[in-house]
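# Chains, contacts and geometry: an overview
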Amino acid sequence: MKNNDIFISDVYFLLTLIAFAIIAVYMGISHDLLIVNIFYLGITLLLLVISYFMGLLPGLLGNLVFIFIQGSYMLYTNLFKGEYVSFLMMFWLFTPLLLSLVVYGMTDRQRKIQSENKHLRMHLSNDTVFDDLTNLRTMNAYQQDAEIFIGTHKRFGIPVSTGIITLRYEDQILNLLSEESKMKLIKEISKVMVASLRENDIIYNISGLNGKPKWAVLLFSKRDGVDIAIERLKKNVEKKLDEKQNLNKYDIQLKIGISEYNNDIKSVNEFIADAMQNQEYDV
């Protein structure tokens, strides 16, 4: 977020405060028009709500309609009825319009700042190498490492495989768990996975921002070797979870898909997709 954006937002906020302060002073000066002032203030607030929730164009159209009606009434009162229109009432002719522009500018700037913050958080999440919850390497790291594994395979002919691991019946299970229990479950599974693999095999948390639990593993091994390692991992996780009193009642199982890299696979994304497709055979 740029300091200039913050400064502009502060300026809009200050202008809004000044505008409302002027309205308060005006209503104090024209106390003899209290009922009329309250009526116009209510319309002003309505126009501000329109500008805030519906955008600038509806707000401007509403203000133009208000100016037209108010101006027509003043002309009718002065020219046709011969009644004097207080000069103070001119205050309400353009104040709602100016205040709507200021409030819209302030809220629009805030929305842009919020959007930039969200984009920044997403960017940081994608660039993070380690997941805060599990301390496992993330999807970004998986992408980078997979490229290295594949490059090594192409250069030296060493077999490379990946496994994608999710929860079986994940929707039903996650709906039953509280947020705290979900975090404990993910941490416990990740911990057991790390302990179940060899030191040179890498486990990743690739669930992404606020995603469903999903892990990946990269191994220099043929498909048969990966089957053995993953089956050992699966049994260790399910056994460990069965020992947890707060989790064993949910019958938590893992669903695993394995893919061995070959020349038909053109990218890391296809590598993942092939493994996930093979999950359908894990019944």
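Since the model is a prediction, treat every value here as computed from it, not as a measurement.

Taken as a whole, this structure holds six aromatic pairs when the rule is applied. When the ring of Y40 is compared with that of F66, the centres are 5.7 Å apart and the planes differ by 75 degrees; the resulting orientation is edge-to-face. Taken together, the positions of Y40 in helix α2 (residues 34–54) and F66 in helix α3 (residues 56–80) put the pair 26 residues apart, joining distant regions of the chain. By relative accessible area, F66 is classed as buried at 10%. When the centroid spacing of 4.8 Å and the interplanar angle of 80 degrees are considered together, the rings of Y52 and F53 count as edge-to-face. Among the aromatic side chains, those forming a connected cluster through ring pairs are F39, Y40 and F66.

Each strand in a sheet pairs with its neighbour through backbone hydrogen bonds, running either in the same direction (parallel) or in the opposite one (antiparallel). In space, the four strands of this open sheet follow the order β2-β3-β1-β4, with antiparallel pairing throughout. Looking at strand neighbours, the two that pair on one side only are β2 (202–205) and β4 (254–260), the edges of this open sheet. Here the average twist between neighbouring strands, direction ignored, is 20 degrees. In this structure, strand β1 (residues 161–167) lies alongside strand β3 (residues 214–219), joined through six bridges in antiparallel fashion. Residue pairing across strands places S161 opposite L219, the latter belonging to β3. Helix α7 (residues 179–196) rests against β1, β2, β3 and β4 of the sheet, and its axis sits at about 10 degrees to β3.

One non-glycine residue with positive phi stands out, namely N135, at about 65 degrees. Among the structural elements, N135 can be located in the loop between α4 (91–127) and α5 (139–156). For N135, a relative accessible area of 57% translates into the label exposed. Phi at Y169 is positive, roughly 55 degrees, even though this residue is not glycine. For Y169, the position within the fold is in the loop between β1 and α6 (170–176). Take Y169: its relative accessible area is 52%, and that puts it in the exposed class.

Following the criterion strictly, the structure yields six salt bridges and no others. Where D145 meets R137, a salt bridge forms, and the shortest distance between an N and an O atom there is 3.0 Å. The exposure class of D145 is buried, given its relative accessible area of 10%. Bridged by salt links that share partners, the residues E170, D171 and K212 form one connected network.

Time to look at the nonpolar core. Membership of the largest hydrophobic core comes to 26 residues, with the highest contact counts inside it found for I165, I189, M193, W215 and L254. Every element with two or more residues in this core is listed here: β1, α6, α7, β3, α8 (223–242) and β4. For this core, the element with the highest residue contribution is α8, accounting for six residues. Judged by nonpolar contacts, the second largest core, of 17 residues, contains Y142, V160, I164 and I272.

Reading the values: the criteria
Residues numbered from 1 in each chain as written. Predicted model: local features only at pLDDT ≥ 70, side-chain atom pairs only at ≥ 80, totals over all residues. Heavy atoms only, no water. Phe/Tyr/Trp six-rings, centres within 6.5 Å; stacked < 30°, edge-to-face > 60°. Helix = DSSP H or I, 4+ residues; strand = E, 2+ residues; numbered from the N terminus. Buried < 20%, exposed > 50% of the residue type's maximum accessible area, 1.4 Å probe, protein only. Pairing = 2+ DSSP bridges. Axes fitted to C-alpha atoms, helices over the stretch in contact; angles between N-to-C directions. Contact = heavy atoms within 4.5 Å. Salt bridge = Lys/Arg side-chain N within 4 Å of Asp/Glu carboxyl O. Core = buried A, V, L, I, M, F, W, Y, C linked by side-chain atoms within 4.5 Å.

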